[in-house]
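# Structural overview
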Amino acid sequence: MKGLVVIDYTNDFVATNGALTTGLPGQAIEAALVATTKEFIEKQDFVVMAVDIHDQKGQYHPENRLFPPHNLAGTSGRELFGSLKELYEADEEAVYWLDKRHYSAFSGTDLDIRLRERGISELHLVGVCTDICVLHTAVDAYNLGYRLVIHQDGVASFDAVGHDWALKHFENTLGAEIVGK
Ligand code: ZN
């Protein structure tokens, strides 16, 4: 069994009016990201929706000093974007929903345990932003000994330079396989 982590593909991070949007680059990966997610679901691999969650107050959260409020609990901004939302709602049981508070999907979550109990050693990543949440998740996965596969056509950032840098880092420093070029 393989694992796929779909990172932060929500309205706030992707929609044109999202609070912290990647905009067009984020919207451009929708078809490929959804196709990859569908393929993993159909093969009954382990699919994780890793989704940032914040609360209105959250005065202790380090992101408060860096970013405007985003992915607030219970808001439409935190709902999955576009056809990924449709895919998720068609069968919510087919994926594992993972609330995360930090950039990395491993930080403060049970992701590592969920992967290990399934014997998964190969982790695929898609989502946004390539150089923030995807990057931090990849670094943690690397340190935990996972083999990484990054889907280039399924990751995006608002920062083109950061996106390109992160792709090189995945390949040259984390030993990731880059597919979907
Ligand atoms: Zn956040």
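Heads up: these notes are all about the structure in this document. (Residues numbered from 1 in each chain as written. Predicted model: local features only at pLDDT ≥ 70, side-chain atom pairs only at ≥ 80, totals over all residues. Heavy atoms only, no water.)

### Topic: the state of the cysteines
By the definition in use, this model includes 0 disulfides. Cys 129 carries a free sulfur, and the closest cysteine sulfur to it, the one in Cys 133, is 6.6 Å from it. We classify Cys 129 as buried; its relative accessible area is 6%. Exposure remark for Cys 133: the relative accessible area of 6% places this residue in the buried category. (Disulfide = S-S within 2.5 Å. Buried < 20%, exposed > 50% of the residue type's maximum accessible area, 1.4 Å probe, protein only.)

### Remarks on the coordination of the zinc ion
Only Asp 52 (OD), His 54 (NE2), Glu 63 (OE) and His 70 (NE2) from the protein coordinate the zinc ion, and they sit 2.0 to 2.1 Å from it. Around the zinc ion sit 4 donor atoms, and with donor-metal-donor angles ranging over 89 to 165 degrees the site reads as irregular. Read N to C, the donor residues that coordinate the zinc ion are spaced as D-x1-H-x8-E-x6-H. With a gap of 16 residues between them, His 54 in the loop between β2 (46-52) and α4 (82-90) and His 70 in the loop between β2 and α4 connect regions that are remote in the sequence. Neither residue differs from the other here; His 54 and His 70 are each classed as buried. (Donors = N, O, S within 2.8 Å, 3.2 Å for Na, K, Ca; no water. Tetrahedral: all angles 85-135°; square planar, octahedral: opposite > 155°, others 65-115°. Helix = DSSP H or I, 4+ residues; strand = E, 2+ residues; numbered from the N terminus.)

### Description of helix α7 (residues 160-172)
In this model α7 runs 18 Å from its N-terminal to its C-terminal C-alpha over 13 residues, within 8% of the 18 Å that 1.5 Å per residue would give. Taken residue by residue, α7 has Gly 162, His 163, Ala 166, Leu 167, His 169 and Phe 170 as its buried positions. Down the axis of α7, the buried set is contained in an arc of 165 degrees. They therefore lie on one face. In α7, the exposed positions angled more than 90 degrees off the buried face are occupied by Ala 160, Val 161, Lys 168 and Asn 172. In this structure, the buried side of α7 is in contact with α6 (133-143), β5 (147-156) and β6 (177-179). Here α7 starts with a cap whose side-chain oxygen sits 3.0 Å from the backbone nitrogen of Val 161, and that cap is Asp 159. (Expected span 1.5 Å × (residues − 1). Arc of directions from axis to C-beta. Contact = heavy atoms within 4.5 Å. Polar contact = N/O pair within 3.5 Å; in protein donor to acceptor, adjacent residues only side chain to side chain.)

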